[in-house]
There are 2 protein chains.
Amino acid sequence: MMRRGFQAAATLSRLRALPGAPRILPILNPAAAFGSSIDSRISRFCPKKTDFKDYALPNASWCPDMLSLYQEFLEKTKTDGWIKLPSFASNREHIQGLKLPTGLAVTPDNSDCRIITRSLQVEGQGYEHAIFFNPSEKKSVCLFQPGPYLEGAPGFAHGGSLATMTDETFSKTAYLAGEGLFTLSLSIRFKNLIPVGSLAVLNVSVDKIEDQKLYMSCITQTRDQKTVYAKSSGVFLQLQLEQE
Amino acid sequence: MMRRGFQAAATLSRLRALPGAPRILPILNPAAAFGSSIDSRISRFCPKKTDFKDYALPNASWCPDMLSLYQEFLEKTKTDGWIKLPSFASNREHIQGLKLPTGLAVTPDNSDCRIITRSLQVEGQGYEHAIFFNPSEKKSVCLFQPGPYLEGAPGFAHGGSLATMTDETFSKTAYLAGEGLFTLSLSIRFKNLIPVGSLAVLNVSVDKIEDQKLYMSCITQTRDQKTVYAKSSGVFLQLQLEQE
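As the structure is a prediction and not an experimental result, all values here were calculated from the model.

## Things to note about the overall build of chain A
Phase 1: Summing up its helical and strand segments, chain A has 5 helices and 11 strands in all.
Phase 2: Each of the 244 residues in chain A was classed as buried or not, and the buried ones make up 59%.
Phase 3: Taking the intrachain contacts of chain A between residues at least 6 apart in sequence as the baseline, contacts between residues at least 24 apart amount to 72%.
Phase 4: If you sum the accessible surface of chain A, you get close to 9,800 Å²; carbon and sulfur atoms cover 50% of it.

Here it is, written out as structure tokens:
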């Protein structure tokens, strides 16, 4: 089960294009000129046919709010340019055919691994979620229903579960919108606790792309927008995934 | 498995003693004067005898670094005033005999729940961790070994797993040091990725207690301190747990 003896820690600072720091990556402006196109990333990320299981599909654990908002966004994929992102068991599947930039490669001693948001496999126990992405607006919406195995205070989702879901939605959005690959910073201001088993809606925007960084923000709230759960921001580093 | 129909979301802002906002709680300075004593909280939190299973104990998945640093801190509990915190399956067990402040109570429809950091039950798969607390210095050290079910980038821990472990270590420390009960904000600057299966050491301090808030900071690094994984900060709200 364990994985030891990795050859090197991956150094984000070493890869970062900071003033005065060694620059391993070329500086490129703006994001549109940075590597692959948004369309090619979406085509690769959302394959029409795949053998991998998509976990971002309704199941019996979803609360009525989650189910009906999912259906609403599914309609928007037909008319309003929204895209439903698939959610596989591991990022290894999401980036199949690509590899991480040099310096980030590791040699795991087995392949029994999972992305954190798909690690709890009993329906409803963990991170039930589905992400929709709007390429032209560089926005995403994540429908998130935290399960009883993500508790902090009894009956409520742990702050870490929302941090994780926010980082994950930022991350997928940053990659598709502008090859944002790694979280440089994440800040969350918690306003209300999310009851376990209820729906929280994460509204994510890419606010700015500058100096190889994507600046993201997120408001998490109830579906009716009457209760704000949290306000968050994040900065992601642009890096190109290389062909294998 | 699911939990629906909670009666109300818990509103942190409603409970918060902000300038101009309704004050439900009395304003108390300093932390020492706020409710129970640090000794009584420790006695309750670290029972000498309990039927609950403590998960913060070495198992076969722990890497040599994790195991030896654990032993080192265990020695410090005998001589240097450090305390090893037990880690139960749920915060319901940690706060047994106490209840959350009014307004935060929920009525779950079953009891199959877990704290997020003990949700993955196969040894080594998830959040292997042990927290040591030093009451006189108001500091904690968390030994954290992320498992392969907490992945983000292939081979590395998801940023959300470190956010969760940081929030959890802040949370336990804030409660014991000064009845800090809820995370108001959490910020993380990521410096390096943590390889799955390796040890990350979280060094947590309470920097200030002011206006019913605890200000916390954390440096996460390798055991030899040569690689910094992240620098974090958090603010926690002081609230008293009430006797049941």
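The discussion continues.
## Observations regarding the packing of aromatic side chains
Two numbers describe a pair of aromatic rings. These are the distance of the centres and the angle of the planes.
Residues and elements named next belong to chain A.
Phase 1: Summed over all chains, the structure comprises 16 aromatic pairs over all chains.
Phase 2: Between Phe-45 and Tyr-175, the ring centres sit 6.4 Å apart and the planes meet at 45°, which makes this aromatic pair tilted. Taken together, the residues span a long stretch of sequence, with Phe-45 in helix H2 (residues 38-45) and Tyr-175 in helix H5 (residues 159-178) at a distance of 130 residues.
Phase 3: With relative accessibility at 5%, the residue Phe-45 sits in the buried group.
Phase 4: These aromatic residues form a ring-pair network of at least three members: Trp-62, Tyr-70, Phe-73, Trp-82 and Phe-132.

## Comments concerning the pairing of strand S9 (residues 213-221) of chain B
Residues and elements named next belong to chain B.
Phase 1: The pairing of strand S8 (residues 200-210) with S9 spans 9 bridges and is antiparallel. Residue Glu-210 lies in a different strand from S9, and its bridge partner there is Lys-213.
Phase 2: The turn linking S8 back onto S9 is made up of 2 residues, and Asp-211 within it adopts a positive phi angle of 50°.
Phase 3: Across 9 bridges, S9 lies against strand S10 (residues 228-238) in antiparallel orientation. Bridge pairing in S10 places Ser-217 opposite Ser-233.
Phase 4: Counted along the chain from S9 to the antiparallel partner S10, the turn is 6 residues long, and its residue Gln-225 has a positive phi close to 65°.

## Describing the side chain of Asn-134 of chain B
Residues and elements named next belong to chain B.
Phase 1: Take Asn-134: it is sitting in strand S4 (residues 127-134).
Phase 2: Among the polar contacts listed, one links the side chain of Asn-134 to the side chain of Ser-136, at a separation of 3.0 Å.
Phase 3: Setting aside chain neighbours within four positions, we find Asn-134 in contact with Asp-80, Gly-81, Trp-82 and Lys-139.

## Thoughts on the pattern of salt bridges
Residue and element names in this part refer to chain A.
Phase 1: Tallied over the entire structure, the rule returns 14 salt bridges over all chains.
Phase 2: Between Lys-84 and Asp-54 there is a salt bridge whose closest N-O contact spans 2.6 Å. Highlighted residues: Lys-84 in strand S2 (residues 83-84) and Asp-54 in the loop between H2 and helix H3 (64-79), separated in sequence by 30 residues. An identical accessibility class is assigned to Lys-84 and Asp-54; each is buried.
Phase 3: Among the ionic pairs, Glu-210 bridges to Lys-208, the shortest N-O distance being 3.8 Å.
Phase 4: Judged by relative accessible area, Glu-210 falls into the partly exposed class, the value being 38%.

## Focus: the pairing of strand S5 (residues 139-146) of chain A
Side-chain positions along a regular strand alternate between the two faces of the sheet.
All names here are of chain A.
Phase 1: Among the 8 residues of S5, 7 are classified as buried, and the element is accordingly described as predominantly covered.
Phase 2: Where strand S4 (residues 127-134) folds back on S5, the antiparallel hairpin that results is connected by 4 residues, among which Lys-138 adopts a positive phi of roughly 50°.
Phase 3: Pairing analysis gives 6 bridges linking S5 to strand S8 (residues 200-210), with the strands arranged antiparallel. Looking across to S8, one finds that Ser-140 is bridged to Val-204.

## Some details on the UniProt feature "domain: Thioesterase" (unreviewed entry) in chain A
Phase 1: Within this structure's numbering, the places UniProt gives as "domain: Thioesterase" (unreviewed entry) are residues 155-224 of chain A.
Phase 2: With 29% helix and 47% strand, residues 155-224 of chain A has its two end C-alpha atoms placed 21 Å apart.

## Description of the interface of chain B and chain A
Phase 1: Taken together, the contact between chain B and chain A spans 71 residues of the former and 71 residues of the latter.
Phase 2: Across the interface of chain B and chain A, roughly 5,500 Å² is buried in total on both sides, 61% from carbon and sulfur atoms.
Phase 3: Applying the counting criterion to the chain B and chain A interface returns 2 salt bridges.
Phase 4: Across the chain B-chain A interface, the total number found is 24 residue pairs in polar contact (both at pLDDT 80 or more).
Phase 5: Looking at the side of chain B that touches chain A, the elements with two or more residues in it are strand S1 (10-11), helix H1 (12-15), helix H4 (91-94), helix H5 (159-178), strand S6 (180-190) and strand S7 (192-193) of chain B.

## Looking at the packing of helix H2 (residues 38-45) of chain B against H5 of chain B
For any two helices packed against each other, one specifies the crossing angle of their axes together with the interaxial distance.
Residue and element names in this part refer to chain B.
Phase 1: Here H2 crosses H5 at 130°, and the two axes come no closer than 7 Å. Classified by the angle between their axes, H2 and H5 sit oblique to one another. Facing H2, whose interface residues are Ile-38, Arg-41, Ile-42 and Phe-45, H5 presents Lys-172, Tyr-175, Leu-176, Ala-177 and Gly-178.
Phase 2: A breakdown of the residues in the contact of H2 with H5 according to their chemical character gives 6 nonpolar, 1 polar and 2 charged.

## Description of H3 of chain A
All names here are of chain A.
Phase 1: End to end, H3 covers 23 Å across 16 residues, agreeing with the expected 22 Å (1.5 Å per residue, within 8%).
Phase 2: Of all the residues in H3, the buried ones are Met-66, Leu-69, Tyr-70 and Phe-73. Around the axis of H3, the buried residues are gathered within 110° of arc, so they sit on the same side. Set apart from the buried face of H3 by more than 90 degrees, the exposed residues are Pro-64, Lys-78 and Thr-79.
Phase 3: Looking at the buried positions of H3, the neighbouring elements they touch are S2, S4, S5 and S8.
Phase 4: Positive backbone phi, at 80°, marks Gly-81, one or two positions downstream of H3.

Calculation notes
Residues numbered from 1 in each chain as written. Chains lettered and ligands numbered in written order. Predicted model: local features only at pLDDT ≥ 70, side-chain atom pairs only at ≥ 80, totals over all residues. Heavy atoms only, no water. Helix = DSSP H or I, 4+ residues; strand = E, 2+ residues; numbered from the N terminus. Buried < 20%, exposed > 50% of the residue type's maximum accessible area, 1.4 Å probe, protein only. Contact = heavy atoms within 4.5 Å. Areas by Shrake-Rupley, 256 points an atom, 1.4 Å probe, with all protein chains shown as cover. Phe/Tyr/Trp six-rings, centres within 6.5 Å; stacked < 30°, edge-to-face > 60°. Pairing = 2+ DSSP bridges. Polar contact = N/O pair within 3.5 Å; in protein donor to acceptor, adjacent residues only side chain to side chain. Salt bridge = Lys/Arg side-chain N within 4 Å of Asp/Glu carboxyl O. UniProt positions renumbered as here; feature names shortened; annotations may be inferred. Buried area = accessible area lost by both parts, 1.4 Å probe. Axes fitted to C-alpha atoms, helices over the stretch in contact; angles between N-to-C directions. Parallel < 35°, antiparallel > 145°, perpendicular 65-115°, else oblique. Nonpolar A, V, L, I, M, F, W, Y, C, P; charged D, E, K, R; others polar. Expected span 1.5 Å × (residues − 1). Arc of directions from axis to C-beta.

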